Amino acid sequence: MQEITYDWNEDKNNLLKNSDRRISFEEVVFALKNEKLLDVISSPTHEDQECLVLNINDYVYIVPFVQEGHTIFLKTIYPSQKIH
């Protein structure tokens, strides 16, 4: 069985790290590998995407993604006050 790999746009990652969100795709992957995945939901805005619901630093984050084969491409990260 082939392992899932994660990919993202590095410019977007730098933007997220330097924004008020101060979070990165590396933190998302770390959370996934440490069993912090709470759920996978359909994207409310993009029917071709799903969203990871993750507990990162005791807060719920939504991470939209698309999957092609064994690669998950992470789109963005945003905190969810609604789901928290």
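Check the entry above for the structure.
First, a word on what this report is: a plain description of the structure on this page. What you are looking at is a predicted structure, and each value in this text was computed from that prediction instead of being measured. (Residues numbered from 1 in each chain as written. Predicted model: local features only at pLDDT ≥ 70, side-chain atom pairs only at ≥ 80, totals over all residues. Heavy atoms only, no water.)

Observations concerning the overall build of the chain
- Looking only at helices and strands, the chain has 2 helices and 6 strands in total.
- Each helix (α) and strand (β) of the chain, taken in turn from the N terminus, gives the series β-α-α-β-β-β-β-β.
- The C-alpha atoms of the chain give 12 Å as radius of gyration, which agrees with the globular expectation for 84 residues (12 Å, within 12%).
- In terms of overall dimensions, the chain has a C-alpha envelope of 35 × 25 × 25 Å along the principal axes.
- When each of the 84 residues of the chain is scored for burial, the buried share is 35%.
- Considering only contacts in the chain between residues 6 or more positions apart, those separated by 24 or more positions represent 34%.
- Just so you have it, the chain exposes about 5900 Å², and 46% of that area is on carbon and sulfur atoms.
- Computed over 8 positive and 14 negative side-chain charges, the separation of the two mean positions in the chain equals 7 Å. (Helix = DSSP H or I, 4+ residues; strand = E, 2+ residues; numbered from the N terminus. Rg over C-alpha atoms; globule rule 2.2 N^0.38 Å. Buried < 20%, exposed > 50% of the residue type's maximum accessible area, 1.4 Å probe, protein only. Contact = heavy atoms within 4.5 Å. Areas by Shrake-Rupley, 256 points an atom, 1.4 Å probe, with all protein chains shown as cover. Lys, Arg positive; Asp, Glu negative; His and termini not counted. Charge placed at Lys NZ, Arg CZ, Asp CG, Glu CD.)

Concerning helix α2 (residues 25-33)
- Among the residues making up α2, those that are buried are Phe-25, Val-28, Val-29, Ala-31 and Leu-32. Viewed along the axis of α2, the buried residues span an arc of 160°, placing them on a single side of the element. Seen from the open side of α2, the exposed residues pointing more than 90 degrees away from its buried face are Phe-30 and Lys-33.
- Next to the buried residues of α2 lie β1 (5-8), α1 (10-18), β2 (37-42), β3 (50-56), β4 (59-68) and β5 (71-74).
- A positive phi of about 60° marks Glu-35, the residue just after α2. (Arc of directions from axis to C-beta.)

Some points on the environment of Gln-67
- Tracing the backbone shows Gln-67 in strand β4.
- The partly exposed category is assigned to Gln-67, whose relative accessible area is 43%.
- In terms of polar contacts, Gln-67 uses its side chain to reach the backbone carbonyl oxygen of Gly-69, at 3.0 Å. (Polar contact = N/O pair within 3.5 Å; in protein donor to acceptor, adjacent residues only side chain to side chain.)

Examining the nonpolar core
- Core analysis: the biggest nonpolar cluster contains 17 residues, and Val-28, Leu-52, Leu-54, Ile-56, Val-63, Leu-74 and Ile-77 have the highest contact counts within it.
- For this core, the secondary-structure elements that each account for two or more residues are α2, β3, β4 and β5.
- Element by element, the count of residues in this core is highest for α2, at 5 residues.
- Residues contacting Val-63, with those up to four places away along its chain left out, are Val-28, Glu-50, Cys-51, Leu-52, Leu-54, Leu-74, Thr-76 and Ile-77. (Core = buried A, V, L, I, M, F, W, Y, C linked by side-chain atoms within 4.5 Å.)

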